[in-house]
Structure formats: structure tokens, C-alpha cells
Amino acid sequence: MKVLLIGGTGQLGRCLQDRRPDGWELLAPGSVDLNICDQGAVESYVGRIQPQLIINAAAYNAVDEAERNPAAAMALNADGPRHLAQAAQKAGARLVHISTDYVFDGAASQPYSEDAPTNPINAYGKSKRAGELAVLQSLPQTIVLRTSWLYSEYGANFVKTMLRLAAAGKPIRVVNDQVGAPTYAGDLAQAIIQLLRNPDAPGGVYHYTGATALSWYGFARHIFQAAGLTPELLPITTSEYIVAATSTATAASPAIAARPGYSVLSYEKIARCGIQPKPLHASLDSMVKKILNLRS
Ligand SMILES: NC(=O)c1ccc[n+]([C@@H]2O[C@H](COP(=O)([O-])OP(=O)(O)OC[C@H]3O[C@@H](n4cnc5c(N)ncnc54)[C@H](OP(=O)(O)O)[C@@H]3O)[C@@H](O)[C@H]2O)c1
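Under an unreviewed UniProt entry, the protein has the name dTDP-4-dehydrorhamnose reductase and belongs to Eoetvoesiella caeni. Its UniProt record gives the protein a comment under Function (unreviewed entry), which states: "Catalyzes the reduction of dTDP-6-deoxy-L-lyxo-4-hexulose to yield dTDP-L-rhamnose." UniProt, in its Pathway (unreviewed entry) section for the protein, records the words "Carbohydrate biosynthesis; dTDP-L-rhamnose biosynthesis."

Next up, the structure:
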């Protein structure tokens, strides 16, 4: 099967490439080779290679930066996916599009179901929600897979930041009032592959996250436990974080985006397709060891 992977250099993209099933002829152009914001380029690329499947793992993920540049976030997170959906429709290809827990406002106290009303509270979330609507309108059988708090051995993420801060030897202050579910990008990649093996999985919205919900502070504790490190770790509130960040901000710093206080996603729908999310330690421990071994 000819598969076009967009965002192949990102965390999820690289994990997908590592797990590429036999039988996938995978093309993964970088953004310099195929900029999905350019509708003509997408049309001609997809028209030329005629993929049977397109996976869109590309995104404008800089949540704070998006407050200052919402048009750039909208171009990559909404226009780009729409171009891909329209091109997929013409080529007769399936489309898998990745979205986020940040489409919700975080006011809930129970995990959000796939059909819970969305209400994004920052520019990034608004652009990702616009992307969901764009792909589902252009190609209703698209699989929109929402995930949260991605980490992996690749790129920049919270796990790597925590390990770097611990190495610096200073006290580490981490927000304790935002709750979500960390998701190992390798597990998400595997879930996508498994879902695609089911030709009957209907289009629409699915959720896939790790099975453990906690705060960023709780996540940091697990990371240090897995790494065998004991830095001074202090829980703070989001308000305290904003005060500290704004006091050190420069004119060039992006505004700090509002973030949902509770963005846990329920995953019963994907579990009914035989895909079971994993508890945090099952993936985190080995990944942390992998990162530490790479460093030593
Ligand atoms: N990271 C998280 O915590 C998180 C949480 C929830 C949901 N998600 C979603 O999960 C998905 C994967 O995220 P990730 O963390 O793996 O992403 P990532 O590491 O930030 O990678 C982003 C990718 O987007 C590509 N890209 C950027 N501009 C592009 C353009 N104009 N045209 C084509 N490709 C472009 C980049 O390619 P180049 O390197 O070639 O520029 C890169 O491969 C995204 O949909 C994201 O919204 C992420």
C-alpha cells in the first residue's frame, strides 16, 4: 500500500516510520519538499503519487507562539489538513488526521467523549478544531484521532525538558493543577497502524491517549522515578507559573496561552476496536532509559 506520511520528521512521524508495517510503501516528504499550506503543491504531489492512505502528523504545535501568530497556526492546522482531505478525496485515498485534547475547554471533571462539545480556549486549540471540521467536511470518512501530552525519544517534549532541568541541578517548579494523559508517540503510532488494519473502522473522531491521567507535576515525579533521579521538585499553580514566566519575559516572548485545567479523553471507542491504551510506566520507563543511554 502506498502511504503518504506528512510530518514524518516530527515525534509521531518518526515513531510511525520506526514501526512501518511490511507492505507499506512509505513516502515521507519534509515540509521543504511538500508544504501542506500550499494547496497547488498538495494537489500536484498527491495527484502524482496517488497514495492509498495519507497520514497527517504535521502541525503547528507551539501553543504559546500561536497566540501571537494565530494565522500561521490556522494555515498549518486547518488549511493544510483541508488541502490534504480534498486531494485524498480526488485520489480515492483514506486520510488519518491527528488532533488534540486542546479542542476542549477543560471545565469537565470526567473524561471527554469523542462527541462531547468542543470549546477551545487558545489559538492553537481553535486552529486544531478548525482542522477537524475542515477534514470531516471535505472527506467525511477521515479518521480524526485526538491525542494528548505526546512524548517520545524524538524532538522536544516534557520528558526531555525535565531530564535537562534535573541535570542543571536547580529546583524544578511544575504545574500541579492541569490534568491530562501523557501519551508515548510510539504507542500512538502502533494504535494508528492497528486501527488501519481494521478496514471496517468507520471514519469520524477517535481518542487515543496513555491510560494514566495526572498533573504535569505528577508526570514529572514519574519521569524522575523512572530515571532514578531525585531533584528538588516543587508543585506550583498555573497562576504562579504565569507570574514567574511573565516576570522573566522579554518583548519577544510569546504570551502564555490559556490551557485546559482538565483535558483527559475517554478512549472507549478505540478500545471497542481492540486497541487498549497503556499505563504510564509501561512505556515511560523504557523510553527514559533509552534517552539516558543515548546521552551516556
Ligand atoms: N506534541 C504534543 O504534545 C501533542 C499533543 C496533542 C496532540 N498533538 C498532535 O499530534 C500530532 C503530532 O505532533 P508531534 O508532536 O509529533 O509534532 P512535531 O514533533 O511538532 O512535528 C511537526 C511536524 O510538522 C511538520 N510540518 C511543519 N510545517 C509543515 C508544513 N508547512 N507542511 C508540512 N509539514 C509541516 C514538521 O516537518 P519539518 O520538520 O519538515 O518542518 C514536523 O514533521 C499533531 O497533529 C499535534 O497537533 C501533539
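Once the structure has been displayed, the description carries forward.
Just checking my understanding: could you explain the sheet that holds strand β1 (residues 2-6) for this structure?
To summarise the sheet geometry, strands pair through backbone hydrogen bonds and adopt either a parallel or an antiparallel arrangement. Strands sit in the order β2-β1-β3-β4-β5-β10 across an open sheet of six strands; the sheet is parallel. Bordering the open sheet on either side are β2 (25-27) and β10 (204-207), each of which pairs with just one other strand. Neighbour-to-neighbour, the strand axes of this sheet turn through a mean angle of 20 degrees, independent of strand direction. Direction of pairing for β1 relative to β2: parallel, over a ladder of three bridges.

I keep staring at the site of the ligand and nothing clicks. Help me out?
As a structural note, the neighbourhood of the ligand is formed by 24 residues, with Thr9, Leu12, Ser31, Asn35 and Lys128 the closest of them. Within the backbone of Ile36, one N or O atom sits 3.1 Å away from a nitrogen atom of the ligand. Residue Leu150 places a main-chain N or O atom 3.1 Å away from an oxygen atom belonging to the ligand. Protein chains bury 79% of the 910 Å² of accessible surface belonging to the ligand in isolation. Among the secondary structure elements, those contributing two or more residues to the shell around the ligand are α1 (11-18), β4 (94-100) and α5 (123-138). The greatest single-element share of the shell around the ligand, amounting to three residues, is contributed by β4. For the shell around the ligand, the class distribution of residues is 11 nonpolar, 12 polar and one charged.

Help me out: how do you make sense of the packing of helix α6 (residues 158-168) against helix α11 (residues 280-295) in this one?
Angle between the axes and distance between the axes are the two parameters that describe a pair of packed helices. Axis separation between α6 and α11 bottoms out at 11 Å; the angle between their running directions is 55 degrees. By the angle between their directions, the pair α6 and α11 is classed as oblique. Handedness of the α6/α11 crossing: right-handed. Of the residues in α11, those in contact with Val159, Lys160, Leu163 and Arg164 of α6 are Leu284, Met287, Val288, Ile291, Leu292 and Arg295. When the residues that make up the contact of α6 with α11 are grouped by side-chain class, the tally is seven nonpolar, no polar and three charged.

So what exactly am I meant to see when it comes to the pairing of strand β3 (residues 53-56) here?
Within a regular strand, the side chains alternate between the two sheet faces. Across the two faces of β3 the burial is the same, with Leu53 and Ile55 and Ile54 and Asn56 all buried. Across four bridges, the pairing between β1 and β3 is parallel. Pairing of Ile6 across the sheet is with Asn56, part of β3. As paired strands, β3 and β4 are joined by four bridges and run parallel to one another. Each bridged residue has a counterpart across the sheet, and for Asn56 the counterpart in β4 is His97.

About the cut-offs
- Residues numbered from 1 in each chain as written.
- Predicted model: local features only at pLDDT ≥ 70, side-chain atom pairs only at ≥ 80, totals over all residues.
- Heavy atoms only, no water.
- UniProt positions renumbered as here; feature names shortened; annotations may be inferred.
- Pairing = 2+ DSSP bridges.
- Helix = DSSP H or I, 4+ residues; strand = E, 2+ residues; numbered from the N terminus.
- Axes fitted to C-alpha atoms, helices over the stretch in contact; angles between N-to-C directions.
- Near = heavy atom within 4 Å.
- Polar contact = N/O pair within 3.5 Å; in protein donor to acceptor, adjacent residues only side chain to side chain.
- Areas by Shrake-Rupley, 256 points an atom, 1.4 Å probe, with all protein chains shown as cover.
- Nonpolar A, V, L, I, M, F, W, Y, C, P; charged D, E, K, R; others polar.
- Parallel < 35°, antiparallel > 145°, perpendicular 65-115°, else oblique.
- Left-handed = near helix turned anticlockwise from the far one by under 90°.
- Contact = heavy atoms within 4.5 Å.
- Buried < 20%, exposed > 50% of the residue type's maximum accessible area, 1.4 Å probe, protein only.

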